[in-house]
Amino acid sequence: MSLPAVDAGVDRDLVHAWLAGRSLARGIAAPVPDRGGYRIDTASAAETTRWVYADADERIAELARGIAGPGYLIKLCGTASQLAALLPGGWHTEATGFFMIGTARCEPSPLPAGYDAALREDGGAAEVTITAPDGTVAARGFAGETPGGFTYDRIVAEPDHRRIGLGRAVMARLAAAKRDPARPDLLVATPMGRLLYEALGWRVLSPYATATQPGTPA
């Protein structure tokens, strides 16, 4: 299936809203403006800091020249080639996903027989867990709601429980926790996830690319 081309560069407020919701959903530091993009100090075992840009800002080059060693990521709402053109040597770039906005509500539907769903909320953060008949986790997803938007994050169905609608079920139950229906629904999807979300009425705002140095996971 061929996918249509999409334009690069998106509204900065939408990028900030997505990042703020993502940080809330993950319990990590909130994004802060930095050199034309947004910096998130993730401070995890695999990643120290990431910068996310809404467009191909020339300040990416200045930022990259000041970074040495693994643990730092630069991400762009644009193509991998656009990002690579702004970077000095030593960086690896790849297309890692698509920045998307929701345009239709996903209504809850019955779960397959024997499956059960639980919703946990903490302030603006939400988590949905679906358990299989044997009690193991079959699917899970997270969301974070801020004044700027509602971010879906880490929507995953385990391999033995795919193609039975659990991804849709997680999305629908997270949507039910949304407090303000006027806030835009936002996420970054993998290439495979993009197909699911488009089937649910989402649309692509831009490609999403990542730059790393050796030793840093994308």
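Here the structure is shown first, and the text comes after it.
Residues numbered from 1 in each chain as written. Predicted model: local features only at pLDDT ≥ 70, side-chain atom pairs only at ≥ 80, totals over all residues. Heavy atoms only, no water.

Student: I'd like a description of the sheet that holds strand β9 (residues 149-157), backed by residues and values.
Tutor: With mixed pairing, the 11 strands of this open sheet are ordered in space as β1-β2-β3-β4-β11-β5-β10-β9-β8-β7-β6. Sheet topology places β1 (32-34) and β6 (116-122) at the edges, where each strand pairs with a single neighbour. Each neighbouring strand pair of the sheet contributes to a mean axis angle of 25 degrees, computed without reference to strand direction. Pairing between strand β5 (residues 92-101) and strand β11 (residues 203-212): nine bridges, direction antiparallel. Looking at the pairing, E94 lines up with T210 of β11. Along the sheet, helix α4 (residues 166-175) makes contact with β6, β7 (125-131), β8 (137-146), β9 and β10 (185-189), crossing β9 at roughly 150 degrees. Sitting on the sheet, helix α5 (residues 191-199) touches β5, β9, β10 and β11, and the angle it makes with β5 is about 10 degrees. (Pairing = 2+ DSSP bridges. Helix = DSSP H or I, 4+ residues; strand = E, 2+ residues; numbered from the N terminus. Axes fitted to C-alpha atoms, helices over the stretch in contact; angles between N-to-C directions. Contact = heavy atoms within 4.5 Å.)

Student: Quick rundown of the pairing of β10? Include the residues and the values.
Tutor: Buried residues dominate β10, accounting for four of its five residues. As defined by bridge partners, β5 adjoins β10 across four bridges and the pair is classed as antiparallel. By the bridge assignment for β10, F98 is matched with A189. In this structure, β9 lies alongside β10, joined through two bridges in parallel fashion. Paired with F150 across the two strands is D185, which belongs to β10. As a crossover connection, the stretch from β9 through α4 into β10 is right-handed. (Buried < 20%, exposed > 50% of the residue type's maximum accessible area, 1.4 Å probe, protein only. Right-handed = clockwise from strand over helix to strand, strands pointing away.)

Student: Lay out the layout of surface pockets with the relevant residues and their values.
Tutor: In this model, the largest pocket occupies a volume close to 1,100 Å³. Secondary-structure elements contributing two or more residues to the lining of the largest pocket are α1 (12-26), β4 (72-76), β5, β9, α4, β10 and α5. Counting residues per element, the lining of the largest pocket draws most heavily on β9, which supplies six residues. Classifying every residue of the lining of the largest pocket gives 17 nonpolar, seven polar and 10 charged. (1 Å grid on protein atoms, 1.4 Å probe; cavity = no way out; pocket = protein on both sides within 12 Å on 5 of 7 lines; lining within 4 Å. Points joined across faces, edges and corners; volume = space filled by probe spheres on them. Nonpolar A, V, L, I, M, F, W, Y, C, P; charged D, E, K, R; others polar.)

Student: Please set out the pattern of salt bridges residue by residue, giving values where relevant.
Tutor: Any two side chains of opposite charge can pair, on the condition that their charged atoms come close. For the structure shown, the criterion picks out 13 salt bridges. R183 is paired through a salt bridge with E145; the nearest N and O atoms lie 2.9 Å apart. Here the residue R183 occupies a position in the loop between α4 and β10, and E145 occupies one in strand β8, the gap between them amounting to 38 residues. Looking at R183, the relative accessible area reads 23%, which means it is partly exposed. According to the relative accessible area criterion, E145 is buried, its value standing at 9%. The shortest N-O distance in the salt bridge between R183 and D180 comes to 3.7 Å. Each member of the salt-bridge network shares a partner with another, and the members are D34, R35, R39 and D41. (Salt bridge = Lys/Arg side-chain N within 4 Å of Asp/Glu carboxyl O.)

Student: How would you summarise the pairing of β9 if you had to cite specific residues and measurements?
Tutor: The buried fraction of β9 is high, at seven of nine residues. Joining the antiparallel neighbours β8 and β9 is a turn of two residues.

Student: Tell me about the environment of G148, and name the residues and values.
Tutor: By the secondary structure assignment, G148 is in the loop between β8 and β9. Judged by relative accessible area, which is 35%, G148 ranks as partly exposed. In this structure the C-alpha to C-alpha distance between G148 and V15, which are 133 residues apart in sequence, comes to 9.5 Å. Filtering out sequence-adjacent residues up to four positions away, G148 remains in contact with A17 and P184.

Student: Lay out the environment of A56 with the relevant residues and their values.
Tutor: For A56, the position within the fold is in the loop between β3 (49-53) and α2 (59-65). A relative accessible area of 40% places A56 in the partly exposed class. A56 sits 131 residues away from L187 along the chain, and the two C-alpha atoms are 20 Å apart. If sequence neighbours within four positions are ignored, A56 has contacts with L76 and L86.

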